[in-house]
2 protein chains.
Amino acid sequence: MNRKTDNLNGIFRETPEPPYYAVIFTSERTDVDDGYAETAQRMLELAAQQPGFLGIDSARDDALGITVSYWKDLASIDEWRRHSEHLEAQQRGREEWYRRYTLRIARVERSKKFDADNAT
Amino acid sequence: MNRKTDNLNGIFRETPEPPYYAVIFTSERTDVDDGYAETAQRMLELAAQQPGFLGIDSARDDALGITVSYWKDLASIDEWRRHSEHLEAQQRGREEWYRRYTLRIARVERSKKFDADNAT
């Protein structure tokens, strides 16, 4: 994950008390890099501007990428999924960048945080 | 993620139609590696043997690790969280391996898969 997006990251940015929603995106990439990093960065910035956006966590290793974004409600998620620039990115993703992915929409019911600096 | 665990991975292993549950674990590690990799691998293998386990996805880069495990219901998750060997690992995690983490329990309501090999 680009360091510039650290301030968007769910682990650094507090999500509210549940309930809220999570979009879990797990993906395997192709070998095509053309435009991928720029578009991923742009989508992060654009998502963060959407109504109902609460935060995002993203990690990628050789085999798998996982991005979890957090949203106030299903309506916010639907609106973001239909955003015109996001729709274009989704199409390029299917045509060029992703070999396989799974998108799951889930309602967060409980959450618990641990911080070693504040542990008793 | 260790290649030996590929066959446990949610993206390779089919999860059923929703609803089911996801445990989203996002973490920042400390610099302590002692026993971490072995315990993480052992927990993966042990989780996969629990009743109600449906699959797991895990990715870690320098800044952040994300592990999402999938479960049939809340009862399965509670049982796994109280498993004695898992409780020991959780305690070592808080004392040694993790600087910060967030654990979220979410009900998966919708899912969609894409596979470039089967795209039309």
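Predicted model only: the values in this text are computed from it and were never measured.

1. A look at the sheet that holds strand S4 (residues 98–115) of chain A
Part 1: Reading across from one edge, S2(A)-S3(A)-S1(A)-S4(A)-S4(B)-S1(B)-S3(B)-S2(B) is the order of the 8 strands in this open sheet, with antiparallel pairing throughout. In this open sheet, the two edge strands, each paired with only one partner strand, are strand S2 (53–60) of chain A together with strand S2 (53–60) of chain B. The mean inter-strand angle of the sheet, taken between neighbouring strand axes irrespective of direction, is 25°.
Part 2: Taken together, the 7 bridges between S2 of chain A and strand S3 (residues 65–71) of chain A define a ladder with antiparallel strand orientation. Within S3 of chain A, the residue paired with glycine 55 of chain A across the bridge is tyrosine 70 of chain A.
Part 3: Sheet strands in contact with helix H3 (residues 84–97) of chain B are S4 of chain A together with strand S1 (20–29) and strand S4 (98–115) of chain B, and its direction is about 120° off that of S4 of chain B.

2. With respect to the UniProt feature "domain: ABM" (unreviewed entry) in chain A
Part 1: Taking the numbering used here, the UniProt-annotated feature "domain: ABM" (unreviewed entry) corresponds to residues 21–91 of chain A.
Part 2: With 41% helix and 34% strand, residues 21–91 of chain A has its two end C-alpha atoms placed 24 Å apart.

3. Describing the nonpolar core
Part 1: If you look at the biggest cluster of nonpolar residues, it comprises 22 residues, and the most contacted ones within it are Ile24 and Val68 of chain A together with Ile24 and Val68 of chain B.
Part 2: Only strand S1 (20–29), S2, S3 and S4 of chain A together with S1, S2, strand S3 (65–71) and S4 of chain B provide two or more residues apiece to this core.

4. A word on the packing of helix H1 (residues 36–47) of chain B against H3 of chain B
Residue and element names in this part refer to chain B.
Part 1: Between H1 and H3, whose axes approach to 11 Å, the crossing angle comes to 150°. Judged on the interaxial angle alone, H3 and H1 are roughly antiparallel. Classified by chirality, the crossing of H3 by H1 is left-handed. Across the interface between the two elements, Tyr36, Thr39, Arg42, Met43 and Leu46 from H1 touch Glu85, His86, Ala89 and Trp97 from H3.
Part 2: In terms of residue class, the contact of H1 with H3 is made up of 5 nonpolar, 2 polar and 2 charged.

5. Focus on the interface of chain B and chain A
Part 1: In this assembly, 47 residues from chain B lie in contact with 47 residues from chain A.
Part 2: Between chain B and chain A the total buried area reaches about 4300 Å² when both faces are included, carbon and sulfur atoms providing 54% of it.
Part 3: Those elements that place two or more of their residues in the side of chain B that touches chain A are S1, S2, S3, helix H2 (74–81) and S4 of chain B.
Part 4: Considering each element in turn, the side of chain B that touches chain A owes the most residues, 18 residues, to S4 of chain B.
Part 5: Tallied by class, the residues present in the side of chain B that touches chain A amount to 22 nonpolar, 8 polar and 17 charged.
Part 6: Here S4 of chain A pairs with S4 of chain B via 15 bridges, running antiparallel. When the sheet's bridge partners are listed, arginine 107 of chain A is paired in S4 of chain B with arginine 107 of chain B.

6. A word on helix H1 (residues 36–48) of chain A
Residues and elements named next belong to chain A.
Part 1: For H1, spanning 13 residues, the distance from its first C-alpha to its last is 18 Å, which sits close to the expected 18 Å at 1.5 Å a residue.
Part 2: Burial in H1 covers these residues: Tyr36, Thr39, Gln41, Met43, Leu44, Leu46 and Ala47.
Part 3: For H1, the secondary structure elements touched by its buried residues are S1, S2, S3, helix H2 (74–81), helix H3 (84–97) and S4.

7. With respect to the relation of the copies chain B and chain A
Part 1: When chain B is brought onto chain A, the operation consists of a screw motion whose angular component is 180° and whose axial shift is 0.0 Å, with 0.0 Å RMSD remaining. Both copies of the chain, as the preceding transformation shows, are related through a two-fold rotation axis.
Part 2: In this assembly the copies share their binding face: 100% of the residues contributing to the interface of chain B also contribute to that of chain A.

8. Some words on the environment of methionine 43 of chain B
Residues and elements named next belong to chain B.
Part 1: Following the sequence through the fold, methionine 43 ends up in helix H1.
Part 2: Of the residues examined, methionine 43 reaches a relative accessible area of 13% and is grouped as buried.
Part 3: Between the C-alpha atoms of methionine 43 and histidine 86, which are 43 residues apart in sequence, the distance is 6.9 Å.
Part 4: When near neighbours in sequence (up to four residues on either side) are disregarded, methionine 43 contacts Trp80, Glu85, His86 and Ala89.

Quick notes on the rules
Residues numbered from 1 in each chain as written. Chains lettered and ligands numbered in written order. Predicted model: local features only at pLDDT ≥ 70, side-chain atom pairs only at ≥ 80, totals over all residues. Heavy atoms only, no water. Pairing = 2+ DSSP bridges. Helix = DSSP H or I, 4+ residues; strand = E, 2+ residues; numbered from the N terminus. Axes fitted to C-alpha atoms, helices over the stretch in contact; angles between N-to-C directions. Contact = heavy atoms within 4.5 Å. UniProt positions renumbered as here; feature names shortened; annotations may be inferred. Core = buried A, V, L, I, M, F, W, Y, C linked by side-chain atoms within 4.5 Å. Buried < 20%, exposed > 50% of the residue type's maximum accessible area, 1.4 Å probe, protein only. Parallel < 35°, antiparallel > 145°, perpendicular 65-115°, else oblique. Left-handed = near helix turned anticlockwise from the far one by under 90°. Nonpolar A, V, L, I, M, F, W, Y, C, P; charged D, E, K, R; others polar. Buried area = accessible area lost by both parts, 1.4 Å probe. Expected span 1.5 Å × (residues − 1). Least-squares fit on C-alpha atoms with pLDDT ≥ 70 in both.

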